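A closer look at the structure
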Amino acid sequence: MNNGNRRRKRYRVRYDRLIMVGLIFLVIIFIFASCANSCSKKKDKKDNKKPSSSVIDQTSVPDNQGANQGNNIQQGDPGGQTPIMPATATEYTTSPIEYSLINSGDLVLVNSQYEYKFPANDIKLVDVYSNRNDCYSVSDMNVSLDVNVIARINDMMSNYYEAVQNNYLRVIAGHRTIEVQNDKYKNGISNIAGGYSDYHTGRSFKLGIFPKGESSNVYKPEGQYAWIDQNCASYGFILRYPEGKDAYTGDESSTAIFRYVGIPHAVYMKENNLCLEEYIEAIKAYNYNNTLKVISGTQQYEVYYVAANVNNVTDVPVPSNKTYSVSGNNVDGFIITVSQ
């Protein structure tokens, strides 16, 4: 009897010990998990210090920046440091424009075939003498030009002076009234009758060279004066009567008569050796679905043509999300210039 009781006592399960072992095991698991989590956080912090290629702004850090930078920079950009940003898509609406406005704007064509109509509000004439800077002179106080043209001349002459350190250039002719032009025509001074002179536009002027203590001459692109001929397009100016274009312009060539047309047009004409007559015809190949792209420095432009409805209003497609200007060509339509 006593032996049986001792046998049952020997094999009794000790639940208190099992519970203790279980608690110890749970503590061990908890400690291990805490250590693993701590190590993981330290690793994440370390990894976050490393740059990830997936978050680099590719528009501001181009691939192979040193080797390919020239592919995205227009020649002539000061320092060659400013990349040309990709153009955004142009959205269009329509603007009703009266037919008579084909006679107004910086791109009006005036020659022996196309008469200047002297439209109201086309230009704002002011005298050059009172509005010029000190980097050039003017023949007298009666020479006048459109105020915007004088501002562009001032910009060009300031940079010319900075480049060559002389102020010997002089504006010797500007806007002409129809009476003045007719007088010159009758006296054989000009072969262009009143109404058909580009000087009527207030955008054409003639340059002379007047060095101190030396004889004066009309402008020629020689020596330090060549700077004007080489750079005028960047300020919106062209030679109005370039050499070899007499058959198009109807007048003899001149190295001294300049005309303001606006930067993208001047740049394109210079690069492609076009006179104004040729450009007015060439631009007709472009419409708002197929624009002419022009780059000057870091600025991008789109240019296109819209034929005018004779004696009616023309619904001209124009950008709704970009800056633009509209000029008549004084022939048959409008030229739209879009700034990117």
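Note: the structure precedes this text.
Quick summary incoming for the structure in this document.

Here is what the cut-offs are and how they apply
Residues numbered from 1 in each chain as written. Predicted model: local features only at pLDDT ≥ 70, side-chain atom pairs only at ≥ 80, totals over all residues. Heavy atoms only, no water. Phe/Tyr/Trp six-rings, centres within 6.5 Å; stacked < 30°, edge-to-face > 60°. Helix = DSSP H or I, 4+ residues; strand = E, 2+ residues; numbered from the N terminus. Buried < 20%, exposed > 50% of the residue type's maximum accessible area, 1.4 Å probe, protein only. Contact = heavy atoms within 4.5 Å. Core = buried A, V, L, I, M, F, W, Y, C linked by side-chain atoms within 4.5 Å. Polar contact = N/O pair within 3.5 Å; in protein donor to acceptor, adjacent residues only side chain to side chain.

**A look at the packing of aromatic side chains**
Per the stated rule, a full pass over the model turns up ten aromatic pairs. Through successive ring pairs, a cluster of aromatic residues spans Phe205, Tyr219, Phe237, Phe258 and Tyr260.

**Let's talk about the side chain of serine 204**
Structurally, serine 204 is set in strand β6 (residues 204-209). Relative accessible area serves as the criterion here: at 1%, serine 204 is assigned to the buried category. If sequence neighbours within four positions are ignored, serine 204 has contacts with Leu145, Ala173, Gly174, His175, Asp198, Tyr199, Phe258 and Arg259.

**Overview of the environment of arginine 240**
Residue position: arginine 240 is located in the loop between β8 (237-239) and α8 (246-249). Exposure remark for arginine 240: the relative accessible area of 0% places this residue in the buried category. Each C-alpha atom of the pair arginine 240 and serine 254 lies 7.8 Å from the other, and the pair is 14 residues apart in sequence. Setting aside chain neighbours within four positions, we find arginine 240 in contact with Leu109, Val110, Asn111, Asp198, Thr249, Ile257, Phe258, Arg259, Leu276 and Glu277.

**Regarding the nonpolar core**
By size, the foremost hydrophobic cluster in this structure holds 29 residues, and its most contacted members are Met157, Tyr219, Ile228 and Phe237. Secondary structure elements with two or more residues in this core: α5 (147-164), β5 (169-173), β6, α7 (226-231) and β9 (257-260). Sort the elements by how many residues they give to this core and α5 lands first, with seven residues. Core analysis: the next-biggest nonpolar cluster, separate from the first, contains 20 residues, Ile238, Tyr279, Tyr305 and Val331 among them.

**Some remarks on the side chain of histidine 175**
Structurally, the position occupied by histidine 175 is in the loop between β5 and α6 (178-186). For histidine 175, a relative accessible area of 19% gives the class buried. Here histidine 200 takes part through its backbone oxygen, which lies 3.4 Å from a polar atom of the side chain of histidine 175. Excluding residues within four positions of it along the chain, histidine 175 makes contact with Ile123, Leu125, Ser144, Leu145, Tyr199, His200, Gly202 and Ser204.

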